[in-house]
Amino acid sequence: MSDQIKFIMDSLNKEPFRKNYNLITFDSLEPMQLLQVLSDVLAEIDPKQLVDVREEMPEQTAKRMLSLLGILKYKPSGNATDMSTFRQGLVIGSKPVIYPVLHWLLQRTNELKKRAYLARFLIKLEVPSEFLQDETVADTNKQYEELMEAFKTLHKEYEQLKISGFSTAEIRKDISAMEEEKDQLIKRVEHLKKRVETAQNHQWMLKIARQLRVEKEREEYLAQQKQEQKNQLFHAVQRLQRVQNQLKSMRQAAADAKPESLMKRLEEEIKFNLYMVTEKFPKELENKKKELHFLQKVVSEPAMGHSDLLELESKINEINTEINQLIEKKMMRNEPIEGKLSLYRQQASIISRKKEAKAEELQEAKEKLASLEREASVKRNQTREFDGTEVLKGDEFKRYVNKLRSKSTVFKKKHQIIAELKAEFGLLQRTEELLKQRHENIQQQLQTMEEKKGISGYSYTQEELERVSALKSEVDEMKGRTLDDMSEMVKKLYSLVSEKKSALASVIKELRQLRQKYQELTQECDEKKSQYDSCAAGLESNRSKLEQEVRRLREECLQEESRYHYTNCMIKNLEVQLRRATDEMKAYISSDQQEKRKAIREQYTKNTAEQENLGKKLREKQKVIRESHGPNMKQAKMWRDLEQLMECKKQCFLKQQSQTSIGQVIQEGGEDRLIL
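Because the structure is predicted, anything quoted here is derived from the model rather than measured.

## Structural notes on the overall build of the protein
Right, on to step 1. Counting its regular elements, the protein contains 18 helices and two strands.
Right, on to step 2. A buried classification covers 13% of the 676 residues belonging to the protein.
Right, on to step 3. Contacts in the protein between residues far apart in sequence, at least 24 positions, make up 58% of those at least 6 positions apart.
Right, on to step 4. If you sum the accessible surface of the protein, you get close to 57800 Å²; carbon and sulfur atoms cover 57% of it.

## Remarks on the nonpolar core
Right, on to step 1. Judged by nonpolar contacts, the single largest core of 33 residues is most densely connected at Leu 12, Phe 26, Leu 38, Leu 72 and Leu 105.
Right, on to step 2. With eight residues, helix α6 (residues 95-107) is the single largest residue contributor to this core.
Right, on to step 3. Residue contacts for Leu 12: discarding those within four places in its chain leaves Phe 17, Arg 18, Lys 19, Tyr 21, Phe 26, Val 37, Val 41 and Leu 106.

## Quick word on the environment of Glu 44
Right, on to step 1. The residue Glu 44 is located in helix α3 (residues 31-45) in this model.
Right, on to step 2. Glu 44 sits in the partly exposed class, given a relative accessible area of 27%.
Right, on to step 3. Along the primary structure Glu 44 and Asn 110 are separated by 66 residues, whereas in three dimensions their C-alpha atoms are 9.8 Å apart.
Right, on to step 4. Setting aside anything within four residues of it in sequence, one finds Glu 44 in contact with Pro 16, Phe 17 and Lys 113.

## A closer look at the layout of surface pockets
Right, on to step 1. Counted as a void, the largest pocket has a volume near 2200 Å³.
Right, on to step 2. Around the largest pocket, the lining comprises 47 residues; the ones closest to its centre are Lys 48, Arg 120, Tyr 144, Ser 562 and Arg 563.
Right, on to step 3. At the level of secondary structure, the elements contributing two or more residues to the lining of the largest pocket comprise α3, α4 (58-71), α7 (109-122), α8 (135-164) and α16 (483-589).
Right, on to step 4. Sorting elements by how many residues they give to the lining of the largest pocket places α16 first, with 13 residues.
Right, on to step 5. When the residues that make up the lining of the largest pocket are grouped by side-chain class, the tally is 25 nonpolar, 11 polar and 11 charged.
Right, on to step 6. There is about 690 Å³ of room inside the second largest pocket.
Right, on to step 7. As for the second largest pocket, its lining consists of 13 residues, of which Arg 188, His 191, Arg 195, Gln 437 and Glu 440 are closest to the centre.

## Comments concerning a negative patch on the surface
Right, on to step 1. The grouping of Glu 179, Glu 180, Glu 181 and Asp 183 at the surface amounts to a negative patch.
Right, on to step 2. Counting through the fold element by element, Glu 180 comes out in helix α9 (residues 168-197).

## So, α4
Right, on to step 1. With 14 residues, α4 ought to run about 20 Å at 1.5 Å a step, and its terminal C-alpha atoms sit 20 Å apart, in line with that.
Right, on to step 2. Backbone geometry just downstream of α4 places Lys 73 in the positive-phi region, at approximately 65°.

## Notes on the environment of Asp 27
Right, on to step 1. As for its placement among the helices and strands, Asp 27 is situated in helix α2 (residues 23-27).
Right, on to step 2. Using a relative accessible area of 43% as the deciding quantity, one classes Asp 27 as partly exposed.
Right, on to step 3. For the pair Asp 27 and Ile 5, spaced 22 residues apart in sequence, the C-alpha to C-alpha distance is 8.7 Å.
Right, on to step 4. Not counting chain neighbours up to four residues away, the residues in contact with Asp 27 comprise Lys 95 and Tyr 99.

## A short note on the pattern of salt bridges
Side chains bearing opposite charge may pair, as long as their charged atoms lie close to each other.
Right, on to step 1. In the structure shown here, the tally under the stated rule is 10 salt bridges.
Right, on to step 2. A salt bridge links Arg 543 to Glu 540; its shortest N-O distance comes to 2.3 Å. Here Arg 543 pairs with Glu 540, and both are found in helix α16, just three residues apart, close to one helical turn.
Right, on to step 3. Among the residues examined, Arg 543 registers a relative accessible area of 40% and is labelled partly exposed.
Right, on to step 4. A cluster of three or more residues bridged by salt bridges with shared partners is formed by Glu 540, Arg 543 and Glu 547.

## Notes on the side chain of His 103
Right, on to step 1. Mapped onto the elements, His 103 comes out in helix α6.
Right, on to step 2. Once residues lying within four places of it in the same chain are set aside, the contact partners of His 103 are Gln 4, Phe 7 and Ile 8.

## A look at the confidence of the model for the protein
Right, on to step 1. Summarising the model, the protein shows a mean pLDDT of 78, and 84% of its residues fall at 70 or more.
Right, on to step 2. Strand β1 (residues 664-668) is the least confidently modelled element of the protein, averaging 57 in pLDDT, while helix α18 (residues 600-662) averages 86, the highest of any element.

## Some words on the environment of Thr 61
Right, on to step 1. Here Thr 61 lies in helix α4.
Right, on to step 2. When sequence neighbours within four positions are dropped, the list of residues in contact with Thr 61 reads Val 53 and Glu 56.

## Concerning α7
Right, on to step 1. Between the first and last C-alpha of α7 there are 19 Å, a value that for 14 residues agrees with the 20 Å anticipated at 1.5 Å per step.
Right, on to step 2. Those residues of α7 not exposed but buried are Thr 109, Leu 112, Arg 115, Ala 116, Leu 118, Ala 119 and Leu 122.

## Some details on a nonpolar patch on the surface
Right, on to step 1. A cluster of nonpolar residues, Met 263, Leu 266, Ile 270 and Leu 274, forms a patch on the protein surface that exposes about 390 Å² of accessible area.
Right, on to step 2. Following the sequence through the fold, Met 263 ends up in helix α11 (residues 259-300).

## Describing the state of the cysteines
Covalent bonding between the sulfur atoms of two cysteines is what defines a disulfide.
Right, on to step 1. If you walk through the whole model with that rule in mind, you get zero disulfides.
Right, on to step 2. Take Cys 648: it sits in no disulfide, and the sulfur closest to it among the cysteines is that of Cys 652, at 4.3 Å.
Right, on to step 3. We classify Cys 648 as partly exposed; its relative accessible area is 43%.
Right, on to step 4. The exposure class assigned to Cys 652 is partly exposed, which follows from its relative accessible area of 47%.

Cut-off values and rules
- Residues numbered from 1 in each chain as written.
- Predicted model: local features only at pLDDT ≥ 70, side-chain atom pairs only at ≥ 80, totals over all residues.
- Heavy atoms only, no water.
- Helix = DSSP H or I, 4+ residues; strand = E, 2+ residues; numbered from the N terminus.
- Buried < 20%, exposed > 50% of the residue type's maximum accessible area, 1.4 Å probe, protein only.
- Contact = heavy atoms within 4.5 Å.
- Areas by Shrake-Rupley, 256 points an atom, 1.4 Å probe, with all protein chains shown as cover.
- Core = buried A, V, L, I, M, F, W, Y, C linked by side-chain atoms within 4.5 Å.
- 1 Å grid on protein atoms, 1.4 Å probe; cavity = no way out; pocket = protein on both sides within 12 Å on 5 of 7 lines; lining within 4 Å.
- Points joined across faces, edges and corners; volume = space filled by probe spheres on them.
- Nonpolar A, V, L, I, M, F, W, Y, C, P; charged D, E, K, R; others polar.
- Patch = residues over 30% accessible without salt bridge, like charges linked within 9 Å, V, L, I, M, F, W, Y side chains within 5 Å.
- Salt bridge = Lys/Arg side-chain N within 4 Å of Asp/Glu carboxyl O.
- Lys, Arg positive; Asp, Glu negative; His and termini not counted.
- Charge placed at Lys NZ, Arg CZ, Asp CG, Glu CD.
- Expected span 1.5 Å × (residues − 1).
- pLDDT = per-residue confidence, 0-100.
- Disulfide = S-S within 2.5 Å.

Here it is as structure tokens:
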């Protein structure tokens, strides 16, 4: 008991209760406070139970808690008297009653939440049969059952999706990866567009490429249609060959067989088909229906816990022991006539099982033969399509195999060479792409460094300088200019560089001013963004609160609507009952005898009188049988004795005849002599 209280106290101190109890405070709780704690725990399982116990009558509190505990399948220990004490203890808030309930609820809170949620939709509303005679009530009940089945299927799909392992983090990663790929593809498309725009007649080339793509799509569509038509033709040819084979086999059977053999074969087929239709298939259908009914019953029941399974196993064991005891009693008091009948029954059951097994084997053999015939026809058609000839045999097949082997070796060598060349080509292409990327990255880094240093265009001027110097060296080598010309060229180049620097100085100043302006704008943008984020967070919190309130109001509206529809159904049912009662009273009070005969009371009295007369006749018949039972049994015993006596006389007579045929027995002087 102390461990139980400790577990309850620890569970109540945790989320979502946070009661902050210790052993002293929890033990000193009054009955009303204990009932409030139990109500809070039940409200955690089912939110509808969130009620203040002080504002509720004790009978209503006990009824509400008992109904929910019944739905949750709580079973208090003990018999019927203990059940009455359990109800009384629940009303007065007794600790020995409430502590086990709290311990049981807190042990399996998540499981009970699921059970309470399912109970809201799966507990069937029992409608009386007389109400179901009304068409509107019957249609509404049918629609209610269909909605219940639809909810079951949806809940199963939801549970399977929960177990299947899809996580939002993985989906977000996939989405981010796909967005990155999309950005890369957009960049590549833009890059290709820039490259194409530099070429001449690029619009005409794009138009031609678009037309090429359309034609390729059309070609794929036509190829798909061609393949579908080929498949249809292939299936039609197969069907034609199958029908031709059947016609051929039937003609051969008709030509070779006699009318007697055909009739015999047809009779065997008819017997087999009759057995399959009248005995085998109805049994299988009945078994399948039973299995389907059992599975539907299992599915309709709410989810079971480990304790429920243990209880069911114990019940199964008890029933099995009772069955074994009954079988032993039957075997102990088994009579000889029943023993002979049991032997005959066993033989009949063995023969029927053998018959069923042979029928199944025959059915499987027929299916296997049909499948093999289909495969053989498919293989023949394939060989005829590939080569246009029949299947090769003997030496021709060996020569064909050798030829294929030699071709396969040559093909493998060529394929290996092509694979090596492809791998080398791929490596070279990859290295070229990597070098181009490195070159572009280095150029971009160099440009960014020049912009940071304030000398953008320096590398370009340096390249120009190098190009000019290279041209200069080439010119010097080709024309053999003198040193004076070289000095003049250097001066010109220096002058060009100085001009470029002077031209770039103003641009650098403007760039510095623009950088300062960019920093100011970025700072202002960050401030505006922080303000926007704070405002958006506040609006989001308000929106979530409003959504919760709207959801709560919708749930209340749905509850009120369901209550309204339920009351309307009950009113209609009561109106139907009232109408039937008034009709019955009118028929009973009316002076017309035909109307009185239509009354249910008259019909019931008539049926009761008939049943009483029938029971009186049966009792008289039973009395006559009881009186004549003893003499009849005695007479039957005398007839059995007479039958044994006649059998004995018959045996003696047959024995005497056999002895006289062998020889003659003479009795003289107390001696017996046999004369042959």
